[in-house]
Structures are given as C-alpha cells and as structure tokens.
Amino acid sequence: MAIGRGYSLRQMLRTAAYRAVTPVLSVFLAFLVSAAIIIAVGTDPIVAFGSMLNGAFGSQTALATTGVRMTPILFTGLAVAVSFRAGIFNVGAEGQLYLGAAFGAAVALLPIGLPAFIHIPLALIAGFIGGAAWAFVPGYLRAYRGVSEVVTTLMLNFVAIQLVSYLVDPLVGPIGERGAAYAQSAVIDPAAKLPILLRGTSLHAGLILGLALAVALWILIGYTRLGFRMRMLGANPIAARFAGVKSAREIMTVMLLSGGIAGLAGAVEVIGLRYRLFDHFSPGYGYDGIAVALLANSNPLGVILSSGFFAALRAGANSMQQATGIETSVVLIIQALTILFLIFRPLRDWIGSRAGRPPRLAQDSLIDAA
Amino acid sequence: MEDGRHQTPELLRMDRITKSFGPLLADDAVTLDVRVGEIHALLGENGAGKSTLMKVLYGLHQPDSGEIWLDGRQITIGSPHEAVAHGIGMVHQQFMLVPNLTATENVILGMRAERRPMLDLAAARKRLVELAREYDLGVDPDAPVWQMSLGGQQRLEILKALFRGARLLVLDEPTAVLAPSEVGGLFRIMRQLASEGRGIVFISHKLSEVTEVSDHVTVLRLGRVTGTLPTREATAHTLATMMVGREISLARTTAPVVGTDTVLEISGVHCVTDRGTPGLTGVDLVVRKGEILGIAGVDGNGQRELVECIAGLRPVTAGTILVEGRPPSSALREPGLLGLVPEDRYEQGLIGDFDVSENLVLRAYQRPPYSTNGFLRWGRIRDNATQRIAAFDIRCPGPLAPVRSLSGGNQQKVVIARETQDDPALIVASQPTRGLDVGAVESVLNLLRQQRDRGAAVVFVSTELSEVLALSDRVVVMHKGEVMGEVPPDPAALGRIGEMMMGRSLESIDAGAVA
Amino acid sequence: MQLDVAFLIDWGSAAIRLATPLVLAAVGGVYAERSGVFNIGIEGMMLSGAFVAVAVSYFLGAADPAVASLCAAIAAMLAGGGMAFVHAYLSITRRADQIISGAAINILALGLTNTLYRVVWGSAGRERVAGFPTIRIPILADIPVLGPILFDHSLIVYVAYVLPFIAAFVLFRTTWGLNIRAAGDFPLAVDTAGLSVTVTRYVAVVFSGMMAGLGGAALALGAVRYFTPGMTAGRGFIVLGAIVFGRWNPILASFACLLFGAADALQLRAQALSIGIPYQFLVMLPYLLAVLAIAGAIGRSSPPLALGRPYRRGER
C-alpha cells in the first residue's frame, strides 16, 4: 500500500523485495521437503514438479484450469486478509461462502426473465448479503461481548454446510432437485450465468471480478478512511480507542465486509462454474483463504499472487498424478509446510540479518506483530 | 539515637547494589539494611529504583555489582525459588495468584508435596486455616481467588509467604489496593510479624503510611539512596525533599493570563477503577481559558481515572463533566475540544507500526484536508507532517519514518503536535515528561506553556513536583480520589503540598496544625 | 424401523461407539487448553492417529489381534504426539500464532495421510484390518436395555469410560494438574513459584496430541476397521465445541461428547425413522450448542485466562 505515499521507487522496490523474501523462501523450503517425500516414495521430484508446472501453465487449457481454481480462493483470501488487517481472525470464510452460494443460487434460480446485466449483479449482491449475514452473529459477539470470533466462526462453518445440504436435499430440500442422483439444486437461470472468458474452457468472468475486487480492496485499505480505521484497529487497538475510534462498530463493519466477500466467493462459484448449488461443493476454499492471506501478508494485491500460486499447485497436481502417479494430496503437504515455515520466526530473523536490514517501511507484517 | 538499632542483629543487607538495563541505570550502589524485628520503609517516586531493587532481592534480576547478606552470610539469589528457600517472601503489587484456583491451591502451588504427585490439599488447608487464625488474616481456604476482594487476596499473599516460612517479608505498595478501613488491619499484621522477629520491607510512596507504621526509612531517588534514618526523626517535609526529583530550576515565565471563560467544569464526580475500587470520590474542579492547572499527588490517587473520565474513556458514576459545555463523550470526537497527551505515549498515544505522518493525523484523518469524499489525501497528510515536524523540531528521518524508530522525546513531540493541531480548548497532559531526558522535558513544558499562552486551558498531571510548580498557574493535590486543596505554585508551599499528599485537607493544615 | 426398545439399544450402543473417539480427543484437548495452548490441530492429529493405527494393524496382520491393536494404539499415540510436538514448538517456543499453527497441521495431516494411504494400499481400496477386540462384560451386559448399550463394546470404549475420571482426578488432585491449571490461568504465578511454564505446556500439548491420536485409532479400529481418506470429517472440531460446552472439565466435556455422539447416531437413523427432522439439523446440533455455550447462553463459560497467549517472562 505504498504507492502515492511519497516513498522513492527505490525504497518501494527494496521493501517489496524484502517482504517477498520470506514467503518465497517458505515456499522453496516447502518444495524441498516435499521433494524428499517424493523421493522416499520412489519418484523423481524434478519430473513430478515439472509435470505440475506443465499442468498449471503449460497450455491454454492448463492456464484456464489454474484460473478457474484461483477464483474462489482469491475471494476467500481477500475476505480473510481484510479481517486480518483489522486484527480479527475470521476463520469462518468456509461457512460464509456456503451461505453466499445459497443466497446467490436462490436469486439465480428465479425464472423471472431478467436480462443478464441485472440478474447477475442481483445474484452477486445476494451472495454478499448471505455471507455477511453469516458473519453477523460472530461479529456481534466479538464486538459487543468480547467473545473470541475463532471458535464461533469455526463452528458455524459446519452449521452452514449442513444448512446447504438440507436446502438441496433431494427428498426434503426446498431447492433440491427431486429424483436427482446427487444432492443439488436445479440449474440456474441462463441469464444469471457468468460469461466464459475463454471458449472451450470453464474460465469465467468471476476471475475478473476477483481481480477487480482485489484492487478495490487495496484502494480501500490503503487510501480510504475506513481502511485507515481498520489498520489502526489491527495495529494498536488501545491507541485507536484513545484516538476516538469506536471499536465495536469497526469490528462489526469488518466482519460484515469480510463475510460478504467470502459470500461472493460462493455465489461466484455457483453462477460462474457449477450453475447449480451442490451439497458439500467446497473442498475447503474457506480454509485455503487463510493460507492465501497469510502468504500474502494480508495485502490484497499480494493475495492475487498467492491465490494464483495455490491454484497453480492444485491445477498442476492433477497432471502430476497422471504423469507420475504421485497423489494430488502432496500439494496439501506443500501448502501446509509453506505455512509452517512462514510462521517459524527464526526464518524471518535470519533473512533480516542477511538482507542487511533495509529501511523498514511502516506497517510491517501481521506475522511480526504476533 | 541510633544506638538501639546498632545492637539489633542485622537480618538483610543489600550492599551497594548496582543494576542497569542498557543505558538506563536503575540502581546505583544502593545499600539497604534491615534489622531483625524491624519494619523498614523503602520510599521513592515511580522510577526511583525500588522495584528493581526488590526484583534483585527476589532473584528475578542479577545485580551488576554489590552483595547480598542474610543473617550475616553472603548469599546469591538466582531465582525466585532460591529467594523463597532463603526465607524471603514477597507480596507483589500485582498479586501472583491464579484466579481460578482456590486459596489453598494457590498456597501450595510450586511446593514439594509430601506424597508426590498427590496434592496434600487437606493438610495444606488445615495449616492455612491455622495460620490465618494465628494472625487473624481472614481467608476462605476454599474460595477461588477471583471471588476474593483485593484485601482478601493480599492477606492470602501474606499467608502464602508465611506458609513457606518467610523471615523477611517484602510488601510492595500494599495499601494501593486496600480501602482505608483495611489499612489499619494490614499495619497490625505487620507489627505482629515484626514483633515475632521477622524483618519487613515496606515499599511505598505514601508519606503518611511510612511515618505511621515504619521504624526506619530509606529514601531512593533516581536510583540512589538520598537518605536513611529512623522514622521518628523524619518529617513530611524532609521526606518530600528527599523524594523530589529534579531541582526546581525551571524559572517561571509569563504571568498567567487571567481568563474568565470556563473551559472545563467538573462537579461532584465519582467513578470506579478497573479493579472495582473507588476511583474518584467527589471531585470538583474548574479550569479557565489561558491557565495551567497542575494536578500533583502520588501516583494512584485517582489522576488516571480523572483523565479518562474527562476524555470520555471511563464512565462517570455520579456528577458531571463539561468540556466547553459538551459532555465527555464528545471530547475526543469533536475537533477543537480536547487534546489528550496520554500517560503511556507508546501504547496509548501512538501506533508504533504507523509512520510519523499517519500518527500525526490519527484524530484528524476523517476531515478535510486530510480526506475528501472518504478518500485519504496522502499528499496533504505528508505536507502536514513536514510542517509539523519543522514546527516542533521533531528529530526523525522524515515524515514516512516509522514512529517506533523515534526517541522517546520525539515520540512525545509527535503526540503533542497532533493533539494541539486543532487548537483545542482543553489540553490534558498526563505524565508527559515520564521517561524523558532533561532537554526533552524542557521542550515539552515549553510546548504546554505555548498552548496556555494561546488561550487553551491546560490540565497538567504529574508526579514530578518540581515540574508542577514550575509550570502551573494553580496547583491542586489529589489524594484517594478527591482534591485536597489548591495552592499557588510557590516553592514555599512544598510543605503544605506534602501534607496534602499525605491526606490532610488544606483546611486542617491551615487551621494551624503542625507540619 | 420403530421407536421401540430394540431401536433404543441400537441407538444407545451406537451413540457410545461414536462418542468414544470424541471423548478421548476431548480429554486431551481439555488438558492443552487448560495449560493455555489452543489446539485447533486435534482434527489433524486424530486423522494421523487413525491412519497410523490402521497401517500398523495392517502390517502386523498375522499377529494376534489383541497385540496388533495394542501396537496400533501406541503407534497412533506417537503419531498424534509427534504432530502435537510440532504445534507445541511453534506455539510455545516460537510464540507463533496458535490458530495458524494448528490449521497448518490439519492440512499437513490431510496431505500426509492421503498420500501415504495410496502408497500403502494403492487403489486397492479398503481392506479390513484387525481392530480392538470386542469384550462383552459378563453379568453387566445382561442387564436389560442398559446392559447391551453399555457393556458390549470394543476394548477402547471401556478405556473411554475410565479416562475422563482419571484425567479429572489428575487435573484436580495432583501437583501436575495444579501446575497445568495455573499455567493456563496465570503463568506468571507459575514462573514465580519456580516451575517451568514451558515444560508444563509442552507436556499438556503433547498429551493432547497423543489422546487425539488414540481417538483417531478408536475411530478407525473401533468399528469400521479400515481407513478412508479424510475420515475424521470434522470430528476434531466438534471436540473443540465439546471442550467449551463442558467448561474445560474432562468429565463434563465427555458428557458433551456423549451428547454429540447420540445426535450423530440419531441422524444416521433419522431417515429410516422418518421422524420428520431432516438429518442435517441433527448433524449441525453439536456445533450450534457449542456456539451457544461460548456465547454464554448456556451457563457461564469461562476459559482459562491465558488461553492462546504465549508466555514471555518479563511481560507484565
């Protein structure tokens, strides 16, 4: 968030490089350890990672697949990053995502014959509202009762999954498709579908929306009054109080915003990719959002990169499995190790001493402050 | 006069203890000599070195030089465990009690149980009850600590020390948490324990209590012993003089502008502290335009709560506060009303991770020219910072430097520069010179004077008497949550101020009572 | 299916069976949180325990089932304890954020178990292995209704009967338990008393991992006797809810687990029973109860005061 603030280009580049070192190093080490595991299982890691790279970027189809996988975790990553910035731990993105998907699907299913440029935004707004609504109770409890948002949002994730499961239940669900083989809703109204970006692939406009949202949030956090308040709260809630910030109201705002963005993730998945609301449709996008936000140090533009990275991992995993037989779950190991190395503090300190301590811009990382 | 004491055996001698933390010299060749059966008071303002000395005694710090002698034998104390083994018991200011455990459980925490690992709850409980009865220290052995009153917790801490066979008992500011009615009980216990041959070190900065209960007094100031004498030879005046920090060298400047407009009106205000004890017990104050009201008094007598009430950060349980006719809830939100320089500049007044320019607009960022239509105007914010940095001579690499990299004095300047930006009608500065070097102190005081000259009403809360006298137009003294009286800022009033800090009201002092 | 005695016995027995893994993990989780460390990684530790238990039992196939299952249980505890050690190291020594550390461990466990599952069994899929021996306690099992519900189970269930009480005893009546409770409430007092906050917390966290691992073993070897990728399916998170619901008391938390197990057993039978409540609402019930508990709607719920906060000597 350093553009237009008065830093010299050189300063900005140096600090960006400094801030990028730890995430990159964490990723590198994670790959290193995973390579050891792959060797232990009897495969050449170079071949394995090579096929992964190919599967993620090697062709137009590969890129499209990466893009498709990137979209939901871009949104959830943004949702979590927003909450982290304000010092709030929203681990409920998964549940908010489901509620957003449900609300979005409900609107998208309406056969009211609206043109796309009305139907789509309506569905998206509904998705945002759904996610925000799901974040309301944990937000209220934290803002006005001081109850930790971690356990409440976590538990509500499972409630949300079950709620959606009920909604699309083939026997009793209000929007469940009767007699279907899977628990799913009917297909949404064609006008509510997001346009496809690349013909022949599933890559849809949701990605563009996500990128736009990332930029918008970057502007919000770095350049608006609300963003300033959020950062005050996240950096020093005591001083924020002394400066007149009403923390309860801010916490509510941030939770609703964060939940809403996660809700968008779900709605976009429904109207962009699946065109139906499915039972258990998310393989953990909400939790991936946490990893994405961490790797990006809660910077919205960084989230673009880190969500792309994790998406590439997932997209490449399939072709790696086909090429070498290595399970796709190795990718989960890489992801987990990345985070573990990221929070392992001596790594940061070691880098600091090697890098000769370049000028520290204000607002260094969330992880530092922990 | 000292003869009786010389004959009493020496229990503890901390001999020329020196301890520094980096550049800060906390204790400079401090010698403390406690006799058997003696209640020895350790007196000094905050930052005088009392707590560091006691932490050394309790094994939490190792001295850079100096020795510790117990019963005539030199010992080293490497950890609290060792201190306890030597018979040193400490009742800290912050109780070392686990809130969710019962009294008995707290007492036996860390002690070797007879039938390890089983707890000897029944035996411990019995012994605890016996001890409590013996010293008349009422404590419910089965009550969880969080249910106990602060006085009860303190009694438990004392029992804990006795349970472990303490021969030297250190009480760190014990009366801070007690109601006036409970203080007598504490002193009775102290006398009883002392008469049994124990030594008691009583740390305090309350002159009245020191004179009431102790046998001998040692006064610390800025890490050095400024005096040690039998209590009966000490007067409030001599003690206050030994305690007072810097010399009164800052000359008074302009005569105060006598304004008639009332800016701050406080009537009959009561409030409660975070702990639930009475914070303010009926405060009446009026501050007018163009004057500096100095609030003197020993720390912990309600000054903190008063500042928070004025700023709207603490609810008032009775009475009213008006800042330019507005309630305290508006004070921090409406521009031009209040500039607050809080006590803890880094935790409360600044956001360390933010840069100087951001810190300078913490209160003003919502308004033009710093933001328009919801968007921040960073260029304006930066320009403002450049300007303020120059105006206040803030030494820093530039407006974008992270504020945590500034020195204490410069950080304080940032706070003051921000808080005075709107030319607020009222400025409240709480311990603004704490932790600053002489030069920085000078700057801060001058800045406050400038504000007064501009026409602001300034409330200056400080434990540094010399500064209060040098800066203020009027001086009041707070004691136990109320204002004891007002005096002109005359060095000659030092004696009366000292008495008021001890709890005597101005009327009774002026009514001819002896100092 | 009718709502009769046969159903009651079936349901009750299933409830106990389903609650057992939860109880084991919950007891450990209580210890960790009581010492001040939030262990969100119970899910991953249970999963690791489940996998290791099945794998060990598989490789010891020819051996006596009792021996095999015992080795499996021990291996599961080591697996869970090992992961917990990593969590402890990051949370306590490195003072990293406990939520993140635990979450990362969950992902790691999922990745490791999925990968190794294929390595061991390829695409051969499920093979039943030797589980815990079933023991029908004579006389007691003959009591009408309650007998078959309570006293005709695999060995691990009986362990789960006894463990909460032993755990409660240790927690409230021994010096170790006292230290743990103090460390989670006010570590400064522990430090000043000459005890090590670090060691106390490490022990509690590793213990919680071992119990979670054992819970995973119970899940895999108690009834089904095979491993399915991701088979814990969020049970580790229900355990967190049970801990809150049980107010950080091992016995109460175990009753909460029993309640949740009953709900789980009921929802599996709900469809056949056609009681009219969609099973999903029964599945979400434990989580809702946990939220209500933590919101204070159900009784006073007061967590250990220092929960989640790393301890650093010298901090006031």
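Residues numbered from 1 in each chain as written. Chains lettered and ligands numbered in written order. Predicted model: local features only at pLDDT ≥ 70, side-chain atom pairs only at ≥ 80, totals over all residues.

Novice: Outline the pairing of strand β18 (residues 426–430) of chain B, listing residues and values.
Specialist: Working note: regular strand, side chains alternate between the two faces of the sheet. All names here are of chain B. Across the 5 residues of β18, 5 count as buried, placing the element largely inside the fold. Here β18 shows a buried face lined by L426, V428 and S430 and a second buried face lined by I427 and A429. Note: strand β15 (residues 338–341) against β18, 4 bridges, orientation parallel. By the bridge assignment, G339 is partnered in β18 with I427. As paired strands, β18 and strand β19 (residues 457–461) are joined by 5 bridges and run parallel to one another. Opposite V428, over in β19, you have V459 as the bridge partner. (Buried ≥ 20, exposed ≤ 12 C-beta atoms within 10 Å, placed from the backbone. Helix = DSSP H or I, 4+ residues; strand = E, 2+ residues; numbered from the N terminus. Pairing = 2+ DSSP bridges.)

Novice: I'd like a description of the nonpolar core, backed by residues and values.
Specialist: One broad rule of soluble globular proteins: the nonpolar side chains tend to lie buried together. L78(A), L426(B), V428(B), F460(B), A26(C), A53(C) and A242(C) are the most contacted members of the largest nonpolar core, which totals 394 residues. Considering each element in turn, this core owes the most residues, 15 residues, to helix α9 (residues 197–224) of chain C. Here A242(C) is in contact with L22(C), A26(C), A253(C), A256(C), C257(C) and F260(C), once residues within four sequence places are set aside. (Core = buried A, V, L, I, M, F, W, Y, C linked by C-beta atoms within 7 Å. Contact = placed C-beta atoms within 7 Å.)

Novice: So what's going on with the environment of W146(B)? Which residues, and what values?
Specialist: Residues and elements named next belong to chain B. Here W146 shows up in the loop between α5 (121–135) and α6 (150–163). Note on W146: 14 C-beta atoms within 10 Å, which makes it partly exposed. For W146 and V98, which are 48 residues apart along the polypeptide, the C-alpha to C-alpha distance reads 8.2 Å. If sequence neighbours within four positions are ignored, W146 has contacts with P99 and N100.

Novice: Tell me about the interface of chain B and chain A, and please be specific about residues and values.
Specialist: Frequently, the measure chosen for interface size is the accessible area removed from exposure when the parts meet. Counting residues at the interface gives 27 residues for chain B, matched by 21 residues for chain A. Breaking the side of chain B that touches chain A down by element, the ones donating at least two residues are α12 (345–349), β17 (375–376) and α14 (378–392) of chain B. In terms of residue class, the side of chain B that touches chain A is built from 14 nonpolar, 6 polar and 7 charged. (Nonpolar A, V, L, I, M, F, W, Y, C, P; charged D, E, K, R; others polar.)

No statement about biological role is implied by the geometric values presented.
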